[in-house]
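# A structural walkthrough
Below are the chains, spelled out letter by letter.
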Amino acid sequence: MPAVFGKALLGRCGFKRTKEGNRTRCVMIASKVMVKVSEADFLVMGAGVAGLRAAVELARQGDVLVVTKESLGESNTHYAQGGIAVAMEGDADVALHLEDTVNAGDGLVYRPAAEALVCEGPQRVAELIEWGAHFDREAGELVRTREGAHSLPRILHANGDATGAEISRSLAAFARAHKRIEFAEWTMVTGLVTVDGRVVGADLAAAGHDRAAREPHRVRRVAARAVLIAAGGAGQVYSDTTNPAVATGDGIALAGEAGAELADMEFYQFHPTAFSLPGAPRFLISEALRGEGAWLRNHRGERFMERYHPKLELAPRDVVARAIAREGMDTQGGALPVYLDMRHVRDVHPRERFPGISAFLERYGLDLSRDMIPVRPAAHYLMGGIRTDLAGRASLGGLYAAGEAACTGVHGANRLASNSLLEGLVFGARAAQAMLNDALLPAAVDAPAEPPEGLSRSEETLVGETIARLQAAMWANAGLLRDEQALRVGLATQAECAGALEALNAQRKWSRRLAEGLNMSRVAHAILQAALARTESRGAHFRNDFPHRDDANFLKHSVLDRDGRIVFEEW
């Protein structure tokens, strides 16, 4: 029996041996602790653009298990509307894309990371097209549009405003056809397994919401040569977000709990234009509308961006978001409406160019060509995450990260619009190459402890209420406009919420929502800590009590180390 299954299982479980290719596996057939221990060469957490691109690369030399919390395709990638930024017209185009990326990042972009992004991006996008992705074309040529802080049109889009869905579809189809890639859908990673400071596997649990509250929860431990976290962002930490419900920061929280360093957690980008109507979801109204000429107007009907930035509606996202927040606030702090206006744009047909957005607005009786659309900012993208090198290696051996869950410094303090999908492609491939090159060997892994019990209905209700309180506190105290007093109030509320969730966890209780709540709480704590420590304003992080950039002290990246301290480092 291979050492990877651990001596702890002997005498407690029955096994049968199965032959899979040239490998013999031991599969549990009976266990009073309901534990299954298996192995894969590589485990990938997340099935968005970064995770799938990595899986395709890894499958060339090993067996890959891709774990996704819901069905394949339910990710931040799927909901990306605007497009993918890529310079495909030669060296001058690439150089300009690099400068736009650096300028948008407000002094903190790690230039080698940005160079990797823009230089390798064209190859990765061409590869994606070869694998079956269909981007919009006219007369056979790829159509390019422009978004905020880009100096020229370089955004490719698919089906008008469904670029992420097309990239997700094509990558998923390509990956599913590979015999060495296995998918574990509706499955949640509940913990990373470490041995001597190295990540050697992960624990998995069923993540469906339709399980009976009191049903025992099966635990599956998977040993792996290397683990990649590509589980996206954490928008659900905030009450107002464009992110889907799955974006609860699971990978970032688990990496931090295991002892990996996090970086730049104070930099959360708020998309300027999320749909704002009482009772309606914060549906993303793509920046591409402003790229096509849409204007922003305040409650008096005035176009106001000229007061905030010379690029008007195409200013960097942090600038536009704060401008909307200020225009949407009366003198007593109450809310005023702000609108996106496309009525004057005559050379674009909204239903053709933005079919998804148009269909959504129709449900509320609105039409881009006829109506002003109410908007306000919402949490959208985390520039920070698990600190990695340019090959995706985290500070823990055996652990890698790519995409929104990672922080290479490529986005600095503020991500350039539509660079995120490109980041997933480029750094997903890079992380996979590092995992292969590092050639780590399997380690002995013991079986996990007995599985926890499910929550009662009253406990599930408590968890839901606690999460809602945490999300409201983060929006109120660590949102677009911050100050020390508000951040400390946020920390106090976060500590209370964490205490309530940890009390259930300490009783060996488990549910998907409890696990998500714990992860959100841990991510919230990291954001609040880093935001308190950075006593300046830069990019997406704005302090009312420190409203100016302080390059003398803070032209550095924040790092949350394994001891829970924030330190600032030059990269």
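A brief look at the structure comes next. Small disclaimer: the values here were computed from a predicted structure and weren't measured.

Turning to the overall build of the protein chain, a few remarks are in order. The helix and strand inventory of the protein chain stands at 15 helices and 23 strands. Rg of the C-alpha trace for the protein chain: 23 Å, near the compact-globule value of 25 Å for 571 residues, within the 12% margin. Each of the three principal axes of the protein chain carries a C-alpha extent, and together these read 75 × 55 × 50 Å. Buried positions account for 60% of the 571 residues belonging to the protein chain. Sequence-distant contacts in the protein chain: of pairs separated by 6 or more residues, those separated by 24 or more amount to 71%. About 21800 Å² of surface is accessible on the protein chain, with carbon and sulfur atoms providing 49% of the total.

Okay, the sheet that holds strand 8 (residues 144–145) next. Strand order in the open sheet formed by three strands is 5-9-8, with antiparallel pairing between adjacent strands. Both edges of this open sheet fall to strand 5 (84–85) and strand 8, since each of them pairs with a single strand only. Inspection of the sheet shows strand 8 paired to strand 9 (residues 155–156) by two bridges, in the antiparallel sense. Across the sheet, residue R144 finds its bridge partner in strand 9, namely L156.

Attention shifts here to the packing of aromatic side chains. On inspection of all chains with the given rule, the structure shows 13 aromatic pairs. Here the aromatic rings of F554 and F568 are separated by 5.1 Å at their centres, their planes lie at 80 degrees, and the arrangement is edge-to-face. Residue F554 is found in helix 15 (residues 551–554), and its partner F568 is found in strand 23 (residues 566–569); the two are separated by 14 residues along the sequence. Residue F554 is classed as buried on the basis of its relative accessible area, which comes to 9%. Taken together, the ring pairs connect Y238, Y268, F270 and W475 into an aromatic cluster. The lysine or arginine in question, R176, covers the ring of F183, its NZ or CZ lying 5.2 Å from the ring centre.

What follows covers helix 12 (residues 457–477). Its 21 residues give helix 12 an end-to-end C-alpha distance of 30 Å, which sits within 8% of 30 Å, the value for a rise of 1.5 Å per residue. When helix 12 is considered as a whole, its buried residues turn out to be E459, V463, T466, I467, L470, Q471, A473, M474 and N477. On an axial view of helix 12, the arc spanned by its buried residues comes to 165 degrees, and they lie on one face. Of the exposed residues in helix 12, the ones pointing more than 90 degrees away from its buried face are R457, S458, E465 and A476. The inward-facing, buried residues of helix 12 abut helix 13 (484–506) and helix 14 (512–533).

As summarised here, the arrangement of the five strands in space is 21-19-14-22-23, forming an open sheet in which the pairing is mixed. If you trace the sheet from one side to the other, it starts and ends with strand 21 (406–407) and strand 23, each paired once. In the sheet, strand 22 (residues 557–560) pairs with strand 23 via four bridges, with the strands oriented antiparallel. Bridging from a neighbouring strand, S558 pairs with F568 of strand 23. Sheet strands touched by helix 14: strand 14 (262–263), strand 22 and strand 23. Its angle to strand 23, the strand with the most contacts, is close to 60 degrees.

The next thing to look at is the nonpolar core. Nonpolar side chains in soluble globular proteins tend to end up buried together. Counting residues in each nonpolar core, the largest one holds 63 residues, and the members touching the most others are L192, I229, V237, Y238, M265, L399 and M474. If one sorts the elements of this core by residue count, helix 14 sits on top with 11 residues. In this view, L399 contacts L192, V199, V227, I229, A255, A260, G392, R393 and A394; residues no more than four positions away in its chain are not counted.

The subject of this paragraph is the pairing of strand 13 (residues 219–229). Judged by how many residues are buried, strand 13 sits mostly within the fold: 10 of 11 residues are covered. In this sheet, strand 13 lies alongside strand 12 (residues 198–206) in antiparallel orientation, the contact comprising five bridges. When the bridges of strand 13 are listed, L204 appears paired with R220. Across three bridges, the pairing between strand 13 and strand 20 (residues 399–401) is parallel. Note that in strand 20 the partner of I229 across the bridge is A401.

A few words on the packing of helix 4 (residues 111–130) against helix 11 (residues 420–438). Where helix 4 meets helix 11, the closest approach of the two axes is 8 Å, and the angle between their N-to-C directions is 95 degrees. When the interaxial angle is binned, helix 4 and helix 11 end up roughly perpendicular. Along its contact with helix 4, which presents A113, A116, L117, E120, G121, R124, V125 and L128, the element helix 11 presents L422, E423, L425, V426, F427, A429, R430 and Q433. Along the lines of polarity and charge, the residues of the contact of helix 4 with helix 11 split into 10 nonpolar, two polar and four charged.

Here is what the cut-offs are and how they apply
- Residues numbered from 1 in each chain as written.
- Predicted model: local features only at pLDDT ≥ 70, side-chain atom pairs only at ≥ 80, totals over all residues.
- Heavy atoms only, no water.
- Helix = DSSP H or I, 4+ residues; strand = E, 2+ residues; numbered from the N terminus.
- Rg over C-alpha atoms; globule rule 2.2 N^0.38 Å.
- Buried < 20%, exposed > 50% of the residue type's maximum accessible area, 1.4 Å probe, protein only.
- Contact = heavy atoms within 4.5 Å.
- Areas by Shrake-Rupley, 256 points an atom, 1.4 Å probe, with all protein chains shown as cover.
- Pairing = 2+ DSSP bridges.
- Phe/Tyr/Trp six-rings, centres within 6.5 Å; stacked < 30°, edge-to-face > 60°.
- Lys NZ or Arg CZ within 6 Å of the ring centre and 35° of its normal.
- Expected span 1.5 Å × (residues − 1).
- Arc of directions from axis to C-beta.
- Axes fitted to C-alpha atoms, helices over the stretch in contact; angles between N-to-C directions.
- Core = buried A, V, L, I, M, F, W, Y, C linked by side-chain atoms within 4.5 Å.
- Parallel < 35°, antiparallel > 145°, perpendicular 65-115°, else oblique.
- Nonpolar A, V, L, I, M, F, W, Y, C, P; charged D, E, K, R; others polar.

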